[in-house]
Amino acid sequence: MRRLNAVTMALAALRHKPLATSLNLLLMAIGVAMMTFILSASRQLEDGAMKDANGIDMVVGAKGSPLQLILSSIYHIDIPTGNIPASAQAELEANALVAEAIPLALGDSYQGYRIVGSTVDYIRHYGGQAASGVLFGHAMQVVLGAEVARNTRATVGSRFAGSHGLVAGGEVHAHAPYTVVGVLRPTGTVLDRLIVTPVASVWRVHETDPDEPHAHVNEAQHEAQHEITALLVRYASPLAAISLPRWVNGQTRLQAAQPALESAKLFELVGVGANVLRAIAAIVLAVACLSMFVALYHALEERKTDLAILRALGAPPHKLLLLLLTQGMALALGGAVLGSLLGHAGVGLLGVLMEGQQNLALSAFKVDPQEAWLLPAALLVGLLASIVPAARAYRTDIAATLAHY
């Protein structure tokens, strides 16, 4: 009963100062929200990136930036470095150090979603399964990732023409429409936001395009001109990590990029920004602690007489101590809950914006395990802010205080 009375009185005291209570609550919520946003967003991005790159030991593409090659070929969030001869696939597959080489042919899109020329092995690599229809078997057939199907409303049997370029708004290849033969189940990977078709489809679209400069050359010439964008390589032996990239980089038109190395560089760059934001959030929490301390201290000064009367009526000293501590803890708890909701709402908003750009997926409902320490941290801030005012309340001198009343 005493504890209930302390909670009731603490909440009543907080309601008595709505402006100060709201400001302290807001400061605490902002600090916790920033921490929540950073932890949740960074963990989801890192987990998603690792999931997309899982099982890919090396990417082979045109010479240029290795990071750009990784971003364009694995995550599909950048433009390719160029094209390489399709014969490179056979050369790599003939190497005993290569277990698998999956081709990618990029260049077109539909409603902003990339059309990726590849093989069924690419779909199987990410665990893709048909939710409806079947996987493609011939050129000009496509299967849609779950997100693509949801947002374009295309279904099995739908026909559409791709547009030139990797973003919406390019010239439409109306002469060579695709037919949807399957829609994939959600995989939680980059596959969800891709349109996958045989490599031959990409070649056919551009070889039969009257606006292409080589659209009318004979078939033998076409075979010599066939190009792909990249190859996703899986090693057959750990020894391949030493010798294979060196061999690839020694070729005139080829470049090897290792996802693990390039991703580590990217996360290191992103980590610097995240650490800065964490430091800012910690400063905000420190300011919230100081603000609560000032508010509670002033509230104690204003209510000295009330507290002395409570003591005179029989309230024990520990009841006044508990009253002030409860006020600080209640502010901290409220700020932590509000901040957590705001932080996850921010992650959800960012996820919507990124989905609109066919980028990495974020969910407002995924909770990072590290968020568990935010509530104890917030309560500790509330405790630190209220412990000095609470101690003064505990030592309230009834006679001296009432003598000035």
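Preceding this paragraph is the structure being described.
Quick summary incoming for the structure in this document. (Residues numbered from 1 in each chain as written. Predicted model: local features only at pLDDT ≥ 70, side-chain atom pairs only at ≥ 80, totals over all residues. Heavy atoms only, no water.)

## Observations concerning the overall build of the protein
Regarding its fold elements, the protein presents 14 helices and 13 strands. Per-residue burial for the protein yields a buried fraction of 44% across its 405 residues. Here the contacts in the protein between residues at least 6 apart in sequence split such that 79% fall between residues at least 24 apart. Summing over all exposed atoms, the protein offers an accessible surface of approximately 19,600 Å²; the carbon and sulfur share of this is 63%. (Helix = DSSP H or I, 4+ residues; strand = E, 2+ residues; numbered from the N terminus. Buried < 20%, exposed > 50% of the residue type's maximum accessible area, 1.4 Å probe, protein only. Contact = heavy atoms within 4.5 Å. Areas by Shrake-Rupley, 256 points an atom, 1.4 Å probe, with all protein chains shown as cover.)

## Brief notes about the side chain of R193
Along the chain, R193 turns up in the loop between strand 9 (178–184) and strand 10 (194–198). Comment: no salt bridge for buried R193; closest opposite-charge side chain is D52, at 4.5 Å. Polar contacts involving the side chain of R193 include one to the main-chain carbonyl oxygen of Y75, which spans 2.8 Å. (Lys, Arg positive; Asp, Glu negative; His and termini not counted. Salt bridge = Lys/Arg side-chain N within 4 Å of Asp/Glu carboxyl O. Polar contact = N/O pair within 3.5 Å; in protein donor to acceptor, adjacent residues only side chain to side chain.)

## Things to note about unusual backbone geometry
Even without being glycine, Q111 reaches a positive phi, approximately 55°. With respect to the element layout, Q111 can be found in the loop between strand 3 (98–110) and strand 4 (113–118). Among the residues examined, Q111 registers a relative accessible area of 43% and is labelled partly exposed. Of note in this structure, R153 is not a glycine but carries a positive phi near 60°. With relative accessibility at 73%, the residue R153 sits in the exposed group.

## Here's the deal with helix 7 (residues 199–207)
The set of residues buried in helix 7 consists of V199, S201, V202, V205 and H206. Looking straight down helix 7, one finds its buried side chains confined to an arc of 165°; they lie on one side. (Arc of directions from axis to C-beta.)

## Focus on the pattern of salt bridges
In the structure shown here, the tally under the stated rule is three salt bridges. A salt bridge links E100 to R234; the nearest nitrogen and oxygen atoms lie 3.5 Å apart. Of this pair, E100 sits in strand 3 while R234 sits in strand 12 (residues 230–235), and the two are 134 residues apart along the sequence. Of the residues examined, E100 reaches a relative accessible area of 21% and is grouped as partly exposed.

## Side note on helix 3 (residues 66–75)
Within helix 3, seven of the 10 residues are buried, which leaves the element mostly enclosed by the surrounding structure. Buried residues of helix 3: L69, I70, L71, S72, S73, I74 and Y75, and no others. One or two positions beyond helix 3, positive phi appears at H76, with a value near 55°.

## Digging into the nonpolar core
Nonpolar side chains tend to gather and get buried jointly when the protein is soluble and globular. In terms of nonpolar packing, the biggest core is built from 28 residues, with V59, I74, Y122, V196 and L232 touching the most fellow members. Contributions of two or more residues to this core are made by helix 2 (18–53), helix 3, strand 3, helix 5 (120–125), strand 9, strand 10 and strand 12. If one sorts the elements of this core by residue count, helix 3 sits on top with five residues. When residues no more than four places from it in sequence are discounted, the contact partners of Y122 are H76, I102, L104, V116, V190, L191, L194, V196 and L232. Formed by 21 residues, the second largest nonpolar core is a distinct cluster that contains A105, L231, V233 and V248. (Core = buried A, V, L, I, M, F, W, Y, C linked by side-chain atoms within 4.5 Å.)

## Some thoughts on the side chain of Q89
By the secondary structure assignment, Q89 is in helix 4 (residues 87–93). Once residues within four sequence positions are removed from consideration, Q89 is found in contact with A101, P103 and L231.

## Overview of the environment of Q258
With respect to the helices and strands, the residue Q258 is situated in the loop between strand 13 (254–257) and helix 10 (259–302). Remark: the alpha-carbon pair of Q258 and P245, spanning 13 residues in sequence, is separated by 8.2 Å. Setting aside anything within four residues of it in sequence, one finds Q258 in contact with D57, I70, Y235, A241 and P245.

## Re the packing of aromatic side chains
Scanning all chains against the criterion turns up three aromatic pairs. Between Y110 and F160 the ring centres are 4.2 Å apart and the planes differ by 25°, which places this aromatic pair in the stacked class. Of this pair, Y110 sits in strand 3 while F160 is found in strand 7 (residues 159–160), placing the two residues 50 residues apart along the sequence. For F160, a relative accessible area of 6% gives the class buried. Ring-pair connections join several aromatic residues into one group, and the members of that group are Y110, F160 and Y178. (Phe/Tyr/Trp six-rings, centres within 6.5 Å; stacked < 30°, edge-to-face > 60°.)

## A few points about a nonpolar patch on the surface
Taken together, the side chains of L333, V337, L341 and L375 make up a nonpolar region of the molecular surface, amounting to roughly 360 Å² of accessible area. No other element matches helix 12 (residues 317–356), which puts three residues into the nonpolar patch. By the secondary structure assignment, L375 is in helix 13 (residues 374–394). (Patch = residues over 30% accessible without salt bridge, like charges linked within 9 Å, V, L, I, M, F, W, Y side chains within 5 Å.)

## Focus on the pairing of strand 13
Note on strand geometry: in a regular strand, side chains alternate between the two faces of the sheet. Where burial is concerned, the two faces of strand 13 agree: the one with L254 and A256 and the one with Q255 and A257 are both buried. Of the pairings in the sheet, the one linking strand 1 (residues 58–62) to strand 13 comprises four bridges and is antiparallel in character. Within the sheet, the bridge partner assigned to A62 lies in strand 13 and is L254. (Pairing = 2+ DSSP bridges.)

## Some words on the environment of E171
Structurally, E171 is set in the loop between strand 8 (163–164) and strand 9. As a C-alpha pair, E171 and D108 span 63 residues in sequence and 9.5 Å in three-dimensional space.

## Observations regarding the environment of V190
Relative to the helices and strands, V190 resides in the loop between strand 9 and strand 10. With 141 residues separating them along the chain, V190 and A49 place their C-alpha atoms 8.8 Å apart. Contact partners of V190, with chain neighbours within four places excluded, come to D52, I74, Y75, H76, Y122 and Y126.

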